[in-house]
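# Observations on the model geometry
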Amino acid sequence: MRIIVTGACGMLGRLVCSALEPKHHVIPTDVLEGCERLDIIDTTQVFDTISRFRPEMVIHCAAMTDVDGCERDPDRAYLVNAVGTWNLACACASIDCTIAYVSTDYVFDGEKGAPYTEFDQPNPIGVYGASKLAGEAAVKELCRKHYIVRTSWVFAPHGKNFALTIINAAENRIRAATSPPTHLSPKEGKSIEPLRVVADQIGSPTYAKDLAEFLVSLVGSPLYGTYHYTNAGSCSWHEFASTIIETAGMTQIGVVPIKSEEWPTPTRRPKYSVLRHYRLELLGRDSARPWQDAVREFVSEWTTAKR
Ligand SMILES: NC(=O)c1ccc[n+]([C@@H]2O[C@H](COP(=O)([O-])OP(=O)(O)OC[C@H]3O[C@@H](n4cnc5c(N)ncnc54)[C@H](OP(=O)(O)O)[C@@H]3O)[C@@H](O)[C@H]2O)c1
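Remember, it's a predicted structure, so these values are computed and weren't measured experimentally. (Residues numbered from 1 in each chain as written. Predicted model: local features only at pLDDT ≥ 70, side-chain atom pairs only at ≥ 80, totals over all residues. Heavy atoms only, no water.)

### A look at the overall build of the chain
Rules: Only DSSP runs of H or I covering at least 4 residues are called helices, and only runs of E covering at least 2 are called strands; the numbering of each starts at the N terminus. Two things to know: the radius of gyration comes from C-alpha atoms, and the globule rule equals 2.2 Å times the number of residues to the power 0.38. When a residue's accessible area, from a 1.4 Å probe over protein chains only, is under 20% of the maximum for its type it is buried; when over 50% it is exposed; and in between it is partly exposed. Methods summary: accessible areas were calculated by the Shrake-Rupley approach with a probe of 1.4 Å, and residue burial reflects only the protein chains presented. For this count, His and the chain ends are skipped, Lys and Arg are scored as positive, and Asp and Glu as negative. Here the site of a charge means NZ on Lys, CZ on Arg, CG on Asp, or CD on Glu.
Of regular secondary structure, the chain possesses ten helices and 13 strands. Here the chain has a C-alpha radius of gyration of 20 Å; the compact-globule value for 307 residues is 19 Å, and the two agree. Taken across its 307 residues, the chain has 50% of its residues classed as buried. When the accessible area of the chain is evaluated, it comes to approximately 14,200 Å², of which 52% is carbon and sulfur surface. Taken together, the 32 basic and 36 acidic charged side chains of the chain have centroids lying 3 Å from each other.

Take a look at the structure:
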């Protein structure tokens, strides 16, 4: 199948392209160099690209993903996440092409106190979630053949993500504490500063490679509509960080639990945004592996990439 991937230079897009490549004709696109250039906010460019390549499917991973950045610049967030998706959905509809849109747990307010299903009513509490929800609406209204895949806490050994930030920070602190003291930095006897991580927000980590494989499994499926997909299980950011540190054998680093108020950000985040894969469960097709297994693979890939 001929498939356009948007945001193909991003954390998830890269892996979606690699997962598709053995079987499909992939056209990777992004605003960044290294791909076919496609800025999704440019309506003309979007229509030109769709009519030039005439894809049978678009896997839409491009987004403004900086959650605090969205809060600071809501116009930009709506332009990329809502209008950009609208452009793509219109262009896909014009050639009856399927679109898969990657959405987020942040469409929910986090007040339910139990895992959210695909049948729960979204109610975003921040600009990122609201702009992504507007993208969902565009896809639903305009494209008969659509999939919406909501996911959360995506991590990979590349790109910008929490797990990579934690493991790199831990490594840097260990290195700084164990490097020989010099005249300029006399570190002798210095203890390693612990990591402080929020313990009162609960969600489900998702390994980008697993999510990429799930998106690829949808190709050609007639079962359109909304899905929730994450790794199995849930945790706090603090448990997630502690598991990464433990799995990497960096136990000399302390991981201190803190409250959200102790880590102020411009954005209110949902307290509990676990996504239940209810649709997949009902279809008997929920095969997501536990997030702890994915952390083991992440640590192993991170270690290999460092060599
Ligand atoms: N990361 C998470 O935890 C998470 C959680 C839930 C859902 N998601 C969703 O998953 C999808 C993939 O996320 P990701 O983490 O892989 O994000 P990412 O690494 O930020 O990748 C997004 C890519 O889209 C590009 N992009 C931004 N604006 C664009 C535009 N106007 N036209 C074309 N491309 C543009 C970005 O380029 P620049 O880097 O230059 O901006 C980047 O290469 C997104 O839809 C996101 O909302 C992510």
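Structure's up, so let's keep going.
### Things to note about the packing of aromatic side chains
Formally: Only Phe, Tyr and Trp rings are paired, with Trp represented by its six-membered ring, and only when their centres lie within 6.5 Å; those with planes under 30 degrees apart are stacked, over 60 edge-to-face, the remainder tilted. Two thresholds decide whether a charge sits over a ring: the Lys NZ or Arg CZ must be within 6 Å of the ring centre and within 35 degrees of the ring normal.
Under the criterion given, the structure shown has 15 aromatic pairs. Between Phe108 and Tyr116 the ring centres are 4.2 Å apart and the planes differ by 10°, which places this aromatic pair in the stacked class. Both residues of the pair, Phe108 and Tyr116, count as buried. Through successive ring pairs, a cluster of aromatic residues spans Trp153, Phe155, Phe162, Tyr207, Trp237, Phe240, Trp291 and Phe298. Directly above the ring of Tyr227 sits Arg279, whose terminal nitrogen or CZ lies 4.3 Å from the centroid.

### Things to note about the nonpolar core
Going by this rule: We call a set of buried Ala, Val, Leu, Ile, Met, Phe, Trp, Tyr and Cys residues a nonpolar core when their side-chain atoms join them within 4.5 Å. Contacts are assigned to residue pairs with any non-hydrogen atoms lying within 4.5 Å of each other.
With 30 residues, the main nonpolar core has Val5, Leu12, Val16, Leu20, Ile59 and Leu215 as its most contacted residues. If you list the elements that add at least two residues to this core, you get β1 (2-6), α1 (11-20), β4 (57-60), β5 (98-104), β6 (146-151) and α7 (208-217). Contact partners of Ile59, with chain neighbours within four places excluded, come to Ile3, Ile4, Val5, Thr6, Val16, Leu20, Ala100 and Leu215.

### A few points about the environment of Val274
For Val274, the location among the structural elements is in the loop between β13 (255-258) and α9 (278-283). For Val274, a relative accessible area of 7% gives the class buried. Linking Val274 and Ser300, residues 26 residues apart in sequence, is a C-alpha distance of 26 Å. The contact partners of Val274, leaving out residues within four places of it in the chain, are Pro115, Tyr116, Ile202, Gly203, Ser204 and Ser234.

### Some remarks on unusual backbone geometry
At Asp96, a residue that is not glycine, the phi angle is positive and equals roughly 55°. Within the element layout of this structure, Asp96 appears in the loop between α4 (74-94) and β5. Judged by its relative accessible area of 40%, Asp96 falls in the partly exposed class. Its identity is not glycine, yet Trp153 carries a phi of approximately 45°, on the positive side.

### Thoughts on the side chain of His277
Keep this limit in mind: Polar contact is defined as a pair of N or O atoms within 3.5 Å, subject to the rule that within protein one atom must be able to donate a hydrogen and the other to accept it, and that residues adjacent in sequence are counted only when both atoms are side-chain atoms.
Topologically, His277 is positioned in the loop between β13 and α9. At 3.0 Å, the side chain of His277 and the side chain of Asp286 are in polar contact. Setting aside its immediate chain neighbours within four residues, His277 contacts Glu118, His228, Tyr229, Thr230, Asn231, Asp286 and Ala288.

### Comments concerning the packing of helix α6 (residues 162-178) against helix α8 (residues 237-247)
Note the following rule: For helices, the fitted axis covers only the stretch in contact; all axes are lines through C-alpha atoms, and the angles between them, taken along N-to-C directions, range from 0 to 180 degrees. Oblique is the label for every angle not falling under 35 degrees (roughly parallel), over 145 degrees (roughly antiparallel), or within 65 to 115 degrees (roughly perpendicular). By convention, the crossing between two helices is left-handed when the near helix turns anticlockwise from the far helix through less than a right angle, and right-handed when the turn is clockwise. Amino acids outside the nonpolar list (Ala, Val, Leu, Ile, Met, Phe, Trp, Tyr, Cys, Pro) and the charged list (Asp, Glu, Lys, Arg) are all regarded as polar, and Gly is one of them.
Where α6 contacts α8, the two axes come as close as 10 Å, and the packing angle between them is 50°. What the angle tells us is that α6 and α8 run oblique. Once α6 is placed against α8, the crossing between them reads as right-handed. In this structure, α6 contributes Phe162, Ala163, Ile166, Ile167 and Ala170 to the contact, and α8 contributes Trp237, Phe240, Ala241, Ile244 and Ile245. A per-class count over the contact of α6 with α8 returns ten nonpolar, no polar and no charged.

### Brief notes about the environment of Tyr128
Mapped onto the secondary structure, Tyr128 falls in helix α5 (residues 127-142). Residue classification places Tyr128 among the buried positions, given a relative accessible area of 12%. In sequence terms Tyr128 and Glu71 are 57 residues apart; their C-alpha atoms lie 7.0 Å from each other. If near-sequence neighbours (up to four positions away) are discounted, Tyr128 is found in contact with Met64, Thr65, Val67, Cys70, Glu71, Asn81, Thr104 and Tyr106.

### Some remarks on the site of the ligand
What counts here: Here a residue counts as near a molecule or strand whenever at least one of its heavy atoms sits within 4 Å of it.
Taken together, 25 residues sit near the ligand, with Asp30, Asp39, Thr65, Tyr128 and Lys132 positioned nearest. Between the ligand and Asp30, the relevant distance is 2.8 Å, taken from an oxygen atom to a side-chain nitrogen or oxygen of the residue. Computed on the free molecule, the ligand has an accessible area of 880 Å², of which 82% lies beneath the protein chains in the complex. Of all elements in the fold, only α1, β5 and α5 reach the threshold of two or more residues within the shell around the ligand. With three residues, the single largest contributor to the shell around the ligand is β5. Of the residues contributing to the shell around the ligand, the split by class is 16 nonpolar, six polar and three charged.

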